[in-house]
Amino acid sequence: MQVLYYSADGDSAAWIPGLQAALPQAQVSLWEPGAAQADYAVVWKPSQQLLDEQSGLKAIFNTGAGVDALVQLKLPAGVPVVRLDDAGMSVQMAEYVCHAVIRHYREFAGYEADMASGKWSFRKPRPRADFPVGILGLGVLGERVARALAHFEFPVNGWSRSAKALDGVQCFAGANSLDAFLAASRVLVCLLPLTPDTRDIMNQAHLSRLRPGGYVINVARGAHLVDEDLLGLLDSGHLSGATLDVFRTEPLPAGHPFWGHPKITLTPHTSARTLRSESIAQIAGKIAALERGEPVAGLVDLQRGY
Ligand code: NDP
Ligand code: OXD
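The notes below deal with the structure included here. Because the structure is a prediction, the values reported are computed rather than measured.

## What to know about the overall build of the chain
Argument step 1. Secondary structure summary: the chain contains 10 helices and 12 strands in total.
Argument step 2. For the chain, the C-alpha radius of gyration of 21 Å lies close to 19 Å, the compact-globule estimate for 306 residues.
Argument step 3. Within the chain, the proportion of its 306 residues that are buried is 49%.
Argument step 4. Considering only intrachain contacts with a sequence separation of at least 6, the fraction spanning at least 24 residues in the chain is 60%.
Argument step 5. With the model as given, the accessible surface of the chain reaches about 14500 Å², and the carbon-plus-sulfur share is 54%.
Argument step 6. Put simply, the chain has 27 plus and 30 minus side-chain charges, and the middle of one group is 6 Å from the middle of the other.

Right, dumping it as structure tokens:
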């Protein structure tokens, strides 16, 4: 069995020996133009050339949860695309989002500034009930984040395409319920896949529906957020701040107004990293399952785009 690896991030030196060790019966190699035909491709942001040349693939594995970069290419007809299904990402996402929500709610940025300037003063505790958190997307990551926030006794709302029932979470489903979901939320967390339906979803109209003093946490994709609309609502005071991990252009370009903005906390697309050994174990297990003719989790529905 031939397995090809390619990542636009150029980290093949560690992945190829790892995949080879997990798949001793296979020959694992780095994709280069003109490479021999493979059975499986393990990729992150591959080129169209790779997909065009590899006409005999039995499946394509995406080494991330989000497939937006992959599905915009012309994919070979009938070849299953399999994304990472948690593989250690959901606990990282829960840590990141809980940290951002609690940092905002408990005003830790203010305390850090006070302590740095030698000021000893307490802020009045704010009722938790005044900080309902709304999570756009209740999939593998969104559900884990919702459960983690509910554990801290925040009121939690969740929005998905299909109807869900989660303990401790007020669930909203479908486009018709988006306004009600937003109006019920003060902190908004985006954990949607990027598709034509979700691009620009955090825009002026939708963000204005959040409760006054709203706070935005984007950990999905930069194109979910209309940057100028966020900046305008921060200026007007309707929104009080944002924590952003993902951006329309990455790295965030020098001079972008998000840099140094007093109400915005930035991180460099690191909220939930692909963990190499967990991911290799998951992908190797799925290749073995496919070889045995068994179904695998994490199949991408190309019609929905996620
Ligand atoms: P899933 O596919 O498991 O979940 C997606 C969720 O979004 C589902 O609940 C789905 O609804 C919902 N959804 C999709 N489209 C719509 C829509 N039009 N209206 C309402 N709900 C919708 O994805 P994951 O949880 O695994 O990952 C989510 C995203 O997080 C990834 O696509 C990726 O872009 C991003 N990500 C970011 C990382 C980072 O480091 N910043 C790391 C990993 C992922 P339903 O359940 O009904 O299908
Ligand atoms: C992913 C990501 O989609 O890292 O896995 O953004």
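## Some points on the site of ligand 1
Argument step 1. Residues in close proximity to ligand 1 total 30 residues, the closest being R83, L141, S162, K164 and Y306.
Argument step 2. In this structure, an oxygen atom belonging to ligand 1 sits 3.0 Å away from a main-chain N or O atom of G139.
Argument step 3. Within the backbone of A272, a nitrogen or oxygen atom sits 3.1 Å from an oxygen atom of ligand 1.
Argument step 4. Look at ligand 1: alone it shows 940 Å² of surface, and the protein chains cover 93% of it.
Argument step 5. Broken down by secondary-structure element, the contributors of at least two residues to the shell around ligand 1 are α4 (89-105), α6 (140-151) and β7 (156-160).
Argument step 6. For the shell around ligand 1, a count of residues per class yields 15 nonpolar, eight polar and seven charged.
Argument step 7. Lining the shell around ligand 1 are residues from two domains, each supplying at least three of them: domain 1 (2-87 + 274-291) and domain 2 (90-266).

## Observations concerning the site of ligand 2
Argument step 1. Around ligand 2 sit W44, G64, A65, G66, M89, R221, H269 and A272, and that is every residue in its neighbourhood.
Argument step 2. One nitrogen or oxygen atom from the main chain of A65 is found 2.7 Å from an oxygen atom belonging to ligand 2.
Argument step 3. Between H269 and ligand 2, the recorded distance is 2.7 Å, taken from a side-chain N or O atom to an oxygen atom.
Argument step 4. A total of 210 Å² of accessible area belongs to ligand 2 in isolation, and the protein chains cover 87% of it.
Argument step 5. In the shell around ligand 2, the residues fall into four nonpolar, three polar and one charged.

Quick notes on the rules
- Residues numbered from 1 in each chain as written.
- Chains lettered and ligands numbered in written order.
- Predicted model: local features only at pLDDT ≥ 70, side-chain atom pairs only at ≥ 80, totals over all residues.
- Heavy atoms only, no water.
- Helix = DSSP H or I, 4+ residues; strand = E, 2+ residues; numbered from the N terminus.
- Rg over C-alpha atoms; globule rule 2.2 N^0.38 Å.
- Buried < 20%, exposed > 50% of the residue type's maximum accessible area, 1.4 Å probe, protein only.
- Contact = heavy atoms within 4.5 Å.
- Areas by Shrake-Rupley, 256 points an atom, 1.4 Å probe, with all protein chains shown as cover.
- Lys, Arg positive; Asp, Glu negative; His and termini not counted.
- Charge placed at Lys NZ, Arg CZ, Asp CG, Glu CD.
- Near = heavy atom within 4 Å.
- Polar contact = N/O pair within 3.5 Å; in protein donor to acceptor, adjacent residues only side chain to side chain.
- Nonpolar A, V, L, I, M, F, W, Y, C, P; charged D, E, K, R; others polar.
- Domains from an automatic or database assignment.

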